[in-house]
Amino acid sequence: MNKELLFLPGPVTVAEPVLAAMSKPLIDHRGPEFAQLLQRIGGRLQPIFGTQSEPLLLGASGTGGLEAAVTSLFQPGEKLLAAPIGVFGRRLVAIAQARGCKVDVLETAWGHALDAGELEKRLDSVAHDGYAGLLLTHNETSTGVQNDLEAIAKVTRGRDLLTVVDSVSGLGASPFSMDAWGFDVVVSASQKALGAPPGVAMVAAGKRAWEKMETGASNFYFNLLKARDFAHQGQTPWTPPISILYALDVALERYEEEGATAVYWRHQSYARAIRAAFAALGLKLFSQDLAHSPTVVAACVPDGVDASALLRNLRDMRGIVLSGGQMELKGKIVRMGTMGDVSQTDVLGALGALEIALLEMDVPLKVGSGVQAALRIFLDMDAAALTPGGAKNTGARTDERTKATSP
Ligand code: PLP
């Protein structure tokens, strides 16, 4: 087997021209060419974040971006509210606790999205003993759930607390309006929906966040004030991952060429097709209706099937790489990503491979049912997209939460 396709929820299959960009000779990271590169990437990211602020680029994975946000913004002893909906939300809690913050947690059952009404009640109930910040997840990769940030923004906007949003696995795959939604800091990473290799975290911060940081961000390497001051000179404070930045630049150029609406459509159609196929093959979706993520589909394996054996079969026999569950979901679910340089044909092929693997594991199923269900979604969605006024043409809201029923 010499060809592998990553259907992981990151890192993703990266397009050849993006990979090729990394073989270019290195340049002086304190010189004019690098300054242009930084500026170009920042400008390309602004509409994706939906912000007028300049997204900062850090040499780090997504977790580094989250640590930069939390440790630049909050001081030890400050009180925060976190609303995790899965493993990565919990990681954000752990980062804040490691910073010495006191973190209250608003729990949500895994598989569900955050209930904006519950959040509102919680925030209202602490009016006199307020929180300095709120930690939110946009897209929870461990459960295949996406929060409705627009609805959440309606209860957070205008409050005297700073919101940090982890959109590591969400940004770029569906509409995002940081400024209009009033979020203070948004974090993402190169290796997800933007289709670049891992190694660059992106952090955008608004005016209120900068004002707070100016009162004393006391961290060092991940200090966003330093990152901003250097960015104004077209530099990064520390030696940057130049080759990954070349790749990110090309990935963003390709994003622009495809067009944001078509990118949203691609992720949404793949996710719906995968969900339809999973349902037809007896894999019960882990995410609840109205909470499905466009970038990752998580589903329970059929009774009697060993999830790790299934993943091994797909990887070793068919070159299709999916991932399993994390923490308490380990061994219980499989997750299939929709991001990166994979085509409709790749998705159908991967679903066919899944079907063969399940048949080999003696799962009773109707041959072809998974691929057929996915194909039906593609045909229907493509037809809808091509009609005058179809979602591809109008830029209509295309995220998964608008779909009342699965798939
Ligand atoms: N947050 C979310 C939602 C993620 O999906 C991930 C990675 O999958 C992270 C944070 C951590 O990112 P990284 O692995 O790049 O540090």
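Residue positions within a chain follow its written sequence, with the count starting from 1. Predicted model: local features are reported for residues with pLDDT of at least 70 only, side-chain atom pairs are reported and counted for 80 or more only, and whole-chain, interface and lining totals are derived from all residues. Side-chain measures here rest on the full set of heavy atoms in the structure, leaving out hydrogens and waters.

Asker: Just checking my understanding: could you explain the site of the ligand for this structure?
Answerer: Around the ligand there are 13 residues in total, and S61, T63, T141, D166 and K192 lie nearest to it. Two N or O atoms form a polar contact when they lie within 3.5 Å of each other; inside protein one atom must be a possible hydrogen donor and the other a possible acceptor, and for residues adjacent in sequence the pair counts only when both atoms belong to side chains. A distance of 2.6 Å separates an oxygen atom of the ligand from a polar atom in the side chain of S61. Measuring from an oxygen atom of the ligand, one finds a side-chain N or O atom of K192 at 2.5 Å. Sorting the residues of the shell around the ligand by element identifies helix 3 (62–73) and helix 4 (87–98) as the ones contributing at least two each. The way it works is that DSSP assigns letters per residue, a run of H or I at least four long becomes a helix, a run of E at least two long becomes a strand, and they are numbered from the N terminus. If one sorts the elements of the shell around the ligand by residue count, helix 3 sits on top with 3 residues. Nearness of a residue to a molecule or strand requires only that one of the residue's heavy atoms be within 4 Å of it.

Asker: Whenever I open this one, the packing of helix 8 (residues 207–214) against helix 9 (residues 224–232) confuses me. Can you help?
Answerer: For any two helices packed against each other, one specifies the crossing angle of their axes together with the interaxial distance. Two elements in contact, helix 8 and helix 9, have axes separated by 10 Å at closest approach and are oriented at 115°. With respect to helix 9, the axis of helix 8 lies roughly perpendicular. Here W210, M213 and E214 of helix 8 lie close against helix 9, whose contacting residues are L224, L225 and R228. Residues were grouped as follows: Ala, Val, Leu, Ile, Met, Phe, Trp, Tyr, Cys and Pro as nonpolar; Asp, Glu, Lys and Arg as charged; and all remaining residues, including Gly, as polar. Considering only residue class, the contact of helix 8 with helix 9 consists of 4 nonpolar, no polar and 2 charged. To obtain an axis, a line is fitted to C-alpha atoms, over the contacting stretch when the element is a helix, and the angle between two such axes runs from 0 to 180 degrees between their N-to-C directions. Oblique is the label for any angle not covered by the other classes, which are roughly parallel (under 35 degrees), roughly antiparallel (over 145) and roughly perpendicular (65 to 115). We call two residues in contact whenever any of their non-hydrogen atoms come within 4.5 Å of each other.

Asker: Would you take a moment to explain the nonpolar core for this structure?
Answerer: For soluble globular proteins, the rule of thumb is that nonpolar side chains tend to be buried together. Remark: nonpolar core denotes a set of buried residues (Ala, Val, Leu, Ile, Met, Phe, Trp, Tyr, Cys) joined through side-chain atoms within 4.5 Å. When accessible area is computed with a 1.4 Å probe and restricted to protein chains, residues below 20% of their type maximum are described as buried, those above 50% as exposed, and intermediate ones as partly exposed. Counting residues in hydrophobic clusters, the biggest one holds 60 residues, and the most contacted among them are L57, L119 and L248. Of the residues forming this core, the biggest block, 10 residues, is contributed by helix 10 (residues 242–258). Discounting residues that sit within four places of it in the chain, L119 has contacts with L81, L106, L114, L134, I152, V155 and T156. Counting 41 residues, the second-largest nonpolar core is a separate cluster that includes A273, L311, L322 and V347.

Asker: Honestly, the packing of aromatic side chains in this entry has me stumped. Any pointers?
Answerer: Only Phe, Tyr and Trp rings take part, Trp by its six-membered ring, and two of them pair if their centres are within 6.5 Å. Stacked means planes under 30 degrees apart, edge-to-face means over 60, and tilted covers everything else. According to the stated counting rule, one finds 6 aromatic pairs in the structure shown. A centroid spacing of 5.6 Å and a plane angle of 10° characterise the contact between Y221 and W238, whose relative ring orientation is stacked. Pair noted here: Y221 is in the loop between helix 8 and helix 9 and W238 is in the loop between helix 9 and helix 10, with a separation of 17 residues, a long-range link. The exposure class assigned to Y221 is partly exposed, which follows from its relative accessible area of 42%. Residue W238 is classed as partly exposed on the basis of its relative accessible area of 26%. Grouped by ring-pair contacts, the aromatic residues F220, Y221, F222 and W238 constitute a single cluster.

Asker: What is the right way to read helix 11 (residues 260–280) from this model?
Answerer: Across its 21 residues, helix 11 extends 30 Å between first and last C-alpha, which sits within 8% of the 30 Å expected from 1.5 Å per residue. Taken across its 21 residues, helix 11 has 17 buried, putting it largely inside the fold. Of the residues one or two after helix 11, G282 is the one with positive phi, at around 85°. Expected span of a helix, by definition, is 1.5 Å for each gap between consecutive residues, and there is one gap fewer than residues.

Asker: Explain the pairing of strand 3 (residues 79–82) here, please?
Answerer: Look at any regular strand and the pattern is simple: side chains alternate between the two faces of the sheet. Strand pairing follows a simple DSSP-based rule, namely that at least 2 bridges must link the two strands. Pairing between strand 3 and strand 4 (residues 102–105): 4 bridges, direction parallel. In the sheet register, L81 faces strand 4, and the bridge partner there is D104. Here a crossover is taken to be right-handed if, once the strands point away from the viewer, the path from the first strand over the helix to the second is traced clockwise. Viewed along the sheet, the connection from strand 3 through helix 4 into strand 4 turns out right-handed. As paired strands, strand 3 and strand 5 (residues 133–137) are joined by 3 bridges and run parallel to one another. What sits directly across from L81, in strand 5, is L134.

Asker: Just to check I follow, could you spell out the pattern of salt bridges for this structure?
Answerer: Oppositely charged side chains are able to pair whenever their charged atoms sit close together. Any Lys or Arg side-chain nitrogen located within 4 Å of an Asp or Glu carboxyl oxygen qualifies as a salt bridge. Applying the stated criterion across every chain yields a total of 15 salt bridges. Two residues, K207 and E211, come together in a salt bridge whose shortest N-O distance is 3.2 Å. Taken together, the positions of K207 and E211, both in helix 8 and 4 residues apart, correspond to about one turn of that helix. In this structure, R228 engages E214 in a salt bridge whose closest nitrogen and oxygen atoms are separated by 2.8 Å.

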